[in-house]
Amino acid sequence: RKRSYLRDLALETTVRIGDNRIIEEVTVGAEKPTDLNLLYHFMHPWVPAMSHFLAEGTDGATLEGRFVDDKAMKLNAPVRWSAVFSESLGKGAVTRVLEVPDGLPWQVRYWDMPERYRKHYFVTFEKATMAPGTSYRYRVLTVPFAASPASWKETARTLGRDAAAE
């Protein structure tokens, strides 16, 4: 558990690792009204070998595609879960959103940076003001997996939707 301050923001972060999973939690609040351009939690820089992504939007829509080293945002939506997969490694990871504050906009993003990473961002408070005296809690679960190129999507869906995985 770590407590820190970033300008007028107070953050408390907890990371739990065990049983082949990582659970991350952050609680953030402001001491005074704080204008933000962007705040992100749970940033994961995946290796450039990650070749594909798959996600399930909060509306149930499937979002998927390939990483092609074009510096583009491949995903920018609120999702129940998202996954990355590497055909060459036969490995991937699913990140499931466990908790977000009601009524506040947020998105999960994948940034496709050539030869550097496939960066996962959990974005909140974009061009918004954080009001003082309120705390906001976010939680995610990340689970690595191994699968064949033919079966990775089903493996990711199962892990993403598995309520018992927490």
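Since we're looking at a predicted model, the values are computed, not measured. (Residues numbered from 1 in each chain as written. Predicted model: local features only at pLDDT ≥ 70, side-chain atom pairs only at ≥ 80, totals over all residues. Heavy atoms only, no water.)

(A) Layout of helix H1 (residues 152–161). Those residues of H1 lying buried are Trp152, Ala156, Arg157 and Gly160. Along the axis of H1, the buried positions cluster into a sector of 135°, meaning they face one direction only. (Buried < 20%, exposed > 50% of the residue type's maximum accessible area, 1.4 Å probe, protein only. Helix = DSSP H or I, 4+ residues; strand = E, 2+ residues; numbered from the N terminus. Arc of directions from axis to C-beta.)

(B) Region of the structure containing the nonpolar core. Judged by nonpolar contacts, the single largest core of 27 residues is most densely connected at Leu9, Val28, Phe122, Met130 and Tyr138. Core analysis: the next-biggest nonpolar cluster, separate from the first, contains nine residues, Trp81, Ala83, Phe85 and Ala147 among them. (Core = buried A, V, L, I, M, F, W, Y, C linked by side-chain atoms within 4.5 Å.)

(C) Fine view of the sheet that holds strand E11 (residues 106–113). A sheet is described by the order of its strands in space; here four strands give the open sequence E5-E12-E11-E8, paired in antiparallel fashion. Two strands lie at the open edges of the sheet, namely strand E5 (39–46) and strand E8 (73–77), each paired on one side alone. Adjacent strand axes in the sheet meet at a mean angle of 10° when their direction is disregarded. In terms of strand pairing, E5 meets strand E12 (residues 117–124) through six bridges, oriented antiparallel. If you follow Leu39 over to E12, its bridge partner there is Thr124. (Pairing = 2+ DSSP bridges. Axes fitted to C-alpha atoms, helices over the stretch in contact; angles between N-to-C directions.)

(D) Up close: the packing of aromatic side chains. Applying the stated criterion to the full structure yields twelve aromatic pairs. Relative to Tyr110, the ring of Phe53 lies with its centre 6.0 Å away and its plane at 55°, an arrangement referred to as tilted. With Phe53 in strand E6 (residues 52–57) and Tyr110 in strand E11, this residue pair connects regions lying 57 residues apart in the sequence. Residue class for Tyr110 comes out buried when judged on its relative accessible area of 1%. Aromatic pair Phe85 and Phe145: ring centres 6.2 Å apart, planes at 5°, arrangement stacked. Here the residue Phe85 occupies a position in strand E9 (residues 79–86), and Phe145 occupies one in strand E14 (residues 135–146), the gap between them amounting to 60 residues. Take Phe145: its relative accessible area is 8%, and that puts it in the buried class. (Phe/Tyr/Trp six-rings, centres within 6.5 Å; stacked < 30°, edge-to-face > 60°.)

(E) Molecular detail of the pairing of E12. For E12, a buried count of eight out of eight residues is recorded, marking the element as mostly surrounded by other parts of the structure. Of the two faces of E12, both are covered, the one formed by Tyr117, Lys119, Tyr121 and Val123 as well as the one formed by Arg118, His120, Phe122 and Thr124. Relative to E12, E11 runs antiparallel, the two sharing eight bridges. Across the sheet, Trp106 pairs through a bridge with Thr124, a residue of E12.

(F) Representation of the environment of Ala30. Note that Ala30 resides in strand E3 (residues 21–30). The exposure class of Ala30 is buried, given its relative accessible area of 9%. Separated by 125 residues in the primary sequence, Ala30 and Thr155 have C-alpha atoms spaced 39 Å apart. When near neighbours in sequence (up to four residues on either side) are disregarded, Ala30 contacts Asp8, Leu9, Met130, Ala131, Pro132, Gly133 and Thr134. (Contact = heavy atoms within 4.5 Å.)

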